[in-house]
Each structure stands twice: as C-alpha cells, then as structure tokens.
Amino acid sequence: MRSNVIFDQIRSPIDELSERLQAVWPRISTAKHAAVEKVAELDEALAGETSADTSVVVYGSLAREEFTQGSDLDWTLLVDGQANPQHQKDLLSIREKLASLGKAHGREKTFGKLTFSHPILHMIGGEDDTNANTTRRVLFLLEASPIGKHREAFMRVRKNILHRYLTEDHGLTRKADKGSARWIPLFLLNDMARYWRTMTVDFAYKQWDRGNEGYALRSLKLGVSRKLIYASGLLSCFWCDPLISKEDHRQTSQMEKIYILNQKLNEMFLLTPLERFARFFLTHVESRYLISTAGRFFKTYDDFLGLLEDGDVRSHLESLSSDEMDEDPEFRAARAIRTRFEGAVREIFLGTDSPLHQHTLSRGVF
Amino acid sequence: MNPIGFSTGALALGDFRLALEYLRGKPLTAVELSALRVSELPLLLKAVPSLDLNQFNYIALHAPSSFSATEEPEIVRLLTRFPDDWKIVLHPDAVHDSVQWLPFGHRLALENMDRRKLDGRSVEEMSRCFSLMPEAQFCLDLAHAQQWDTTMTEAYLFLRSFSNRICQIHISQLDSASHHYPLSEGSIRAFSEVAWLIPEDVPFIIESRVSSSEMDGEIAKVRKIASSAARDAYQAIPA
C-alpha cells in the first residue's frame, strides 16, 4: 500500500489514463480514497508494532485500493527473521488493535495469523505446498501490500519469491537453437494459473460446504475481482517481454536478465491490479483497439464497485438463494456487469488486434 | 585484479596500531583506518604522522558512525585535518546537516546501510542522499546490500545506478543481527554474481571480523570474488 507521503504524491496510472480517455470512473476513485484513508488509520494504530524482520500485510480489496463499505480487513503478520516466541505476542497485540478497525477476516482462516517466509519461499510445488501456502505466496505478488512503518520484510520476501521463479526457469537464460531466449517467466505464469484454477475449484468447494449460502455475491466476485487479479498476473508475465513493455534491452547480457526481470516484475506488483492494466494501456496508447477496450474495461469495473458500495444491493446478493438468482433483477444486472467484464478481458488478451494475442495463445492457454 | 585491504576496526577494534602491525608484510595495497566511535577520531589524527602507511596506495578513513548535531562541526573540523588524498567513508544516516559535508566534495564516500537503519538502504534512498551531497562518491557495502535484498538485485542496481561514483567496496558477511563475520561459500557465490560490474581499480576493503591467523584465508576468498568477473564469460552473452 502506497500509504507513505512519497508514494501518495505519485500520480496513479489510472488518473493518467482517465485523462487520456476523458473518462471518469467515480467509484474507482472513491474506493481508492477510502483505502488510503483506511491504511492511514491502520498505520497509526500499528505504530511501533513491527520491526525490520516483520511486516503487517493486508490483502483483498484494501490491497487493491478498492475499499468499500462491506470490505473485510484481511491481514497477516509476516515474519522474515530469527525464530522468536515474541512474534506470537506481537500477533495478539496487532489482532487486538485491528479488531475494532475492520470486519474480521474470512472463514478459511488464511488470514489474521502469523505467516513465515520460509514455507512461502521454499515450498513451491510438491506435497508441502498446501492450498494456504500457494494462496499466500501468489497473493504476495498479486494482491498484497505492507502497512505500518516497516515494509522491508515484505519487500524482501517478494523479491526472493520472484528470484526463485526466475532463476529456476532455465528457459529464460538458455539460448534457443535459433533466435533469442524467451523473456516470459513460465514457472511464475504457471503457478499463477494454478492459483486461479484453485480459486475456481474452491468456489465449488464453498458451494458444497456452505450449502449455497452467499453464492450470488461469490460468483460475481469470482468473475470480476478474482479474475482481475489473475488477469493482472498474466499481464505482468507478458510485460516481461520488451515488445510488450516497450523497453529496450538489446544491450542486456544474460547475467543481468534475472535482475532486470526481478525489478520489472517488482515494479508491476507494486501497482494495484487495475493500475497494472492502466500502465499497459498507456504504453500502447497508439492502439485504437486497446484504448477502446480500456474504456469498457474500466467502466465495467467502476460499475462493479458501485454495486459493492451499495449496502442494500450487497446484502440482497449475499442473502439470495441460488434458486432465486436467475429471476432476480438485481442479480441479473450484476451478472450483466460480470459478462461485460469478461468480454473486455477477452478482448485484451485474445483480440487479434491485441499485442497480447499471440502470447495468450502460446503461453497462456497451453 | 582489484586492490585488496582491511578495515583496521575489523582486525583490532579500537586499536589501529595493532591492526596495522597485522597488515605489515601482507600482499595488500589498500587500507581503511577506522574511527567508528567519536573518541577514536582525535587519537587517530594525532597518530597520523607516526603511522607507517607506505605499503598502501589507497587509504580511506571511516568517519564516526554516530554523533550528535552539536558534535558534528567538530568532527568535520577534525576530518579536514587528515591528508586530502584519503577518502572519508561516511554513513548517510549519521549526517545532521549535509551542508557541512559539502566541502569534502568527491573525497566523501557515502556507504549504503544495513536493514536496521531507516535510510540509505536502497538505490532510491541513496539517491536522495546523493542529491544532498552531489559530489560524494559511493562505498558499496556488499553485505549490507545482500542483507537488504538477498537476491542481489539491489546490489546489481547499486552498481548500475552509481557506476560513476563507486570508489570502494566493503566486503564481509552479516548475521541476522548485522554483525560482520568471515565470508561463507554462499556469500562468495552471491557476491561473485555481481563482481563483474565492479571496476578493476576499485579496492575491496575487508570488514570480516577475523583473527590475525585467519587473514590470509579471508584475503584468498576476496581474491576469488574479484577474479570471478574475468572468469565468467556468461556476462557477455546478449539476452
């Protein structure tokens, strides 16, 4: 979360894109301001709670800077340092301070806990990479942000996660027989795709576990905000290709490539998912096709946030049974937003005029 | 091959004369005289005429790492009395009033900090320090950079971003409490990955806390890192 003064002074790529398109997305803007205010409140409450070895990390809508009335406060205390029983006491103190400042974390118990850097970093793949571990790791990249005074433990762990994905992806540094080595990090891309599929499978699991309770709202979130974070991850992987990010790396040596990609991905993941797309659109501002898609993409997302911000609609969707959904006018309207959003995402990645088209076919599908 | 030397503080804390004794006769052409505590600075200044430093082509002085704003003018005044071909290594977080340090110009070498400090740890933070002292040069502490970012991406970015300022390297290994230790094989491998970006005339100053009997072993490790650049043909292959 860019809650400190320096980051807040940097103009968001979304602001720049909205000016370029002469469009306004008021709910995106309101939700961002609400997130910044909430983070400032949390920063104050957490004063003195963390150190160079620990960071409080927030996830979900707060990390995406899309904070609305019904948003949860999902957080963990990340530890990246010597084992110390004091960390549990720190957790309890933080939990107490945050309890009054936001709705408690979700039911799956991934949040509100201590998180240790070692399993996140060392257990990628294999039997020990549990659902919770994969979730924490991928969210660290796509939808997480440190709050409070000390951000460095989080930044360190994020860079190390990326380092693993990059250094173990031998195709990045091995020359192909003909032509140059690839730039798109496939190990990372595949893990993010795995996480996306896990979310979709868990959607069905929750349906089974909870007897369809909350199905309508969950379905909407899966098709819009969950899809957004995965799509922004896919985009970040494609961004590594100099043709997509329009950066000149002709003078780069193999030795430097891993550092450059680490830095490039880090910069992308410092942005919110919506900002990643805004940055991409701004880089390809000459493409009429993409700019027209950009307008639809952001407008639809703005509509989605408007829906979440309306307490009555949100409560209605939360309590709606699956039997009633198809005939319910509010759900039908919400579903139309989801369909429009899915269409815009398809245009960005699969449209034949999109620079991402070929990458999506050759790397994103098979 | 880069010049190699030791920090006197690493060999004999607070006793530069003993450290210089240990260095005599070793195949080393660089040295950093340590005055990390304020009280050491006047003692070192007084001793300079009597020190035999003929063996060294490169001499740096490490300024005190912490002092008050009221002590700062006196520290600056004492530092101006040292030979003007000596570099002055300074922790950026120790500075209260950067204007007082401007007259040192390129003699000043600002050092990147370990993770306990709240400034000077990254390229972004060091850039702000250099904007306050624009003529200052750069002392890259590889151990600090590695502690801040174990992937060595920040070390790479330091070497790329400040290539025109770099004048010396600090080398050692840090434990999690930021104490300097002898280099491990892991650190040798990590430092070797970026060593090819260090210009050949830039001295490596060893900060590992070693006994006199361990000095040769530590020098051999640093030679291995310094020579890794020449051995590694991989660096030249375009991406």
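Residues numbered from 1 in each chain as written. Chains lettered and ligands numbered in written order. Predicted model: local features only at pLDDT ≥ 70, side-chain atom pairs only at ≥ 80, totals over all residues.

Our next topic: the overall build of chain B. The helix and strand tally for chain B stands at nine helices and ten strands. A buried classification covers 44% of the 239 residues belonging to chain B. Contacts spanning at least 24 positions in sequence make up 74% of the contacts within chain B whose residues lie at least 6 apart. (Helix = DSSP H or I, 4+ residues; strand = E, 2+ residues; numbered from the N terminus. Buried ≥ 20, exposed ≤ 12 C-beta atoms within 10 Å, placed from the backbone. Contact = placed C-beta atoms within 7 Å.)

The subject of this paragraph is the overall build of chain A. Scanning chain A from N- to C-terminus turns up 18 helices and four strands. Taking 2.2 N^0.38 as the reference for a compact globule, 366 residues should give roughly 21 Å; the C-alpha atoms of chain A span a radius of gyration of 20 Å, in line with that estimate. Each principal axis of the C-alpha distribution contributes one length, and for chain A these read about 60 × 55 × 45 Å. The burial tally for chain A puts 41% of its 366 residues in the buried class. (Rg over C-alpha atoms; globule rule 2.2 N^0.38 Å.)

Residues and elements named next belong to chain A. Between helix 3 (residues 26–45) and helix 14 (residues 288–309), whose axes approach to 7 Å, the crossing angle comes to 60°. Here helix 14 runs oblique to helix 3, going by the angle between their axes. Like other packed secondary-structure pairs, helix 3 and helix 14 cross with a definite hand, here left-handed. Contacts between helix 3 and helix 14 involve P26, R27, I28 and A31 on the former and, on the latter, F298, Y301, D302, L305, G306 and E309. Taken together, the residues that form the contact of helix 3 with helix 14 break down as six nonpolar, one polar and three charged. (Axes fitted to C-alpha atoms, helices over the stretch in contact; angles between N-to-C directions. Parallel < 35°, antiparallel > 145°, perpendicular 65-115°, else oblique. Left-handed = near helix turned anticlockwise from the far one by under 90°. Nonpolar A, V, L, I, M, F, W, Y, C, P; charged D, E, K, R; others polar.)

This brings us to the nonpolar core. Counting residues in hydrophobic clusters, the biggest one holds 153 residues, and the most contacted among them are I88(B), A109(B), L110(B) and I171(B). Ranked by residues supplied to this core, first place goes to helix 10 (residues 215–239) of chain A with 13 residues. Excluding residues within four positions of it along the chain, I171(B) makes contact with L142(B), A143(B), F191(B), F204(B), I205(B), I206(B), E207(B) and V222(B). (Core = buried A, V, L, I, M, F, W, Y, C linked by C-beta atoms within 7 Å.)

Attention now goes to the interface of chain B and chain A. Counting from both sides, the interface comprises 16 residues of chain B and, opposite them, 18 residues of chain A. Looking at side-chain class alone, the side of chain B that touches chain A contains eight nonpolar, five polar and three charged residues.

Another point: the environment of L11(B). Residues and elements named next belong to chain B. Along the chain, L11 falls in helix 1 (residues 8–11). Once the C-alpha coordinates of L11 and R77 are considered, the two residues, 66 residues apart in sequence, prove to be 27 Å apart. Every residue in contact with L11, bar those within four places of it in the chain, is listed here: F6, A19 and Y22.

Let us now look at the packing of helix 8 (residues 152–167) of chain A against helix 12 (residues 254–270) of chain A. Residue and element names in this part refer to chain A. For the pair helix 8 and helix 12, the least separation of the axes is 10 Å and the interaxial angle reads 130°. The orientation of helix 8 with respect to helix 12, classified from their angle, is oblique. Considering only the axes of helix 8 and helix 12, their crossing is right-handed. In contact with R158, K159, L162, H163, L166 and T167 of helix 8, helix 12 contributes I258, L261, N262, L265, N266 and F269. When the residues that make up the contact of helix 8 with helix 12 are grouped by side-chain class, the tally is six nonpolar, four polar and two charged.

Our focus in this paragraph is the sheet that holds strand 2 (residues 75–79) of chain A. Sheet strands pair via backbone hydrogen bonds, and the direction of the pair is either parallel or antiparallel. All names here are of chain A. Spatially, four strands are ordered 3-2-1-4 in an open sheet, and the strand pairing comes out mixed. The open sheet is flanked by strand 3 (114–116) and strand 4 (144–147), the only strands paired with a single partner. Averaged over all pairs of adjacent strands, the angle between their axes in this sheet comes to 40°, without regard to strand direction. Strand direction decides the pairing type here: strand 2 and strand 3, joined by three bridges, are parallel. (Pairing = 2+ DSSP bridges.)

A few words on the pairing of strand 1 (residues 54–59) of chain A. All names here are of chain A. In terms of burial, strand 1 is a largely internal element, six of the six residues being buried. Neither face of strand 1 is left uncovered, since the one carrying T54, V56 and V58 and the one carrying S55, V57 and Y59 both have all their residues buried. Of the pairings in the sheet, the one linking strand 1 to strand 2 comprises five bridges and is antiparallel in character. Directly across from S55, in strand 2, lies its bridge partner L78.

Here the focus is the environment of A181(A). Residue and element names in this part refer to chain A. Considering the arrangement of structural elements, one finds A181 in the loop between helix 8 and helix 9 (186–210). Of the residues examined, A181 has 16 C-beta atoms within 10 Å and is grouped as partly exposed. As a C-alpha pair, A181 and T135 span 46 residues in sequence and 30 Å in three-dimensional space.

With that out of the way, let us pick up the sheet that holds strand 4 (residues 87–90) of chain B. Residues and elements named next belong to chain B. An order of 1-2-3-4-5-6-7-10 is seen for the eight strands of this closed barrel, with the pairing classed as parallel. Between one strand axis and the next, the sheet turns through 25° on average, direction left out of account. Pairing between strand 2 (residues 30–34) and strand 3 (residues 58–62): five bridges, direction parallel. Of the residues in strand 3, the one forming a bridge with A30 is Y58.

Before going further, it helps to examine unusual backbone geometry. The backbone of E65(A) sits at a positive phi, close to 60°, despite the residue not being glycine. Residue position: E65(A) is located in the loop between helix 4 (60–63) and strand 2. By C-beta crowding, E65(A) is classed as buried, having 25 other C-beta atoms within 10 Å. In this structure, M152(B) takes a positive phi of about 70° despite not being glycine.

Here we come to the pairing of strand 7 (residues 166–171) of chain B. Residue and element names in this part refer to chain B. Counting buried positions over the six residues of strand 7 gives five, a clear majority of the element. Here strand 6 (residues 137–141) runs beside strand 7; their pairing, made up of four bridges, is parallel. Looking across to strand 7, one finds that D141 is bridged to H170. With three bridges connecting them, strand 7 and strand 10 (residues 204–206) associate as parallel partners.

Chain-level statistics for chain B give a pLDDT mean of 93 and a share of 95% at 70 or above. For this predicted complex, the interface score ipTM comes out at 0.79, alongside a pTM of 0.87. (pLDDT = per-residue confidence, 0-100.)

What follows concerns the environment of S7(B). Residues and elements named next belong to chain B. Locating S7 in the fold gives a position in strand 1 (residues 4–7). Considering only alpha carbons, one finds S7 and L33, 26 residues apart in sequence, at a separation of 6.1 Å. Once you skip the residues sitting within four places of it in the chain, S7 turns out to touch E32, S34, H62, I205, I206 and E207.

Residue and element names in this part refer to chain A. Taken as a whole, chain A shows an average pLDDT of 89; of its residues, 94% reach a score of 70 or greater. Here helix 1 (residues 5–9) stands out as the element of chain A with the lowest mean pLDDT, 44, in contrast to helix 13 (residues 273–283), whose mean of 97 is the highest. Confidence over residues 1–9 falls short of pLDDT 50; this stretch has 14 contacts with residues more than four positions distant or in other chains.

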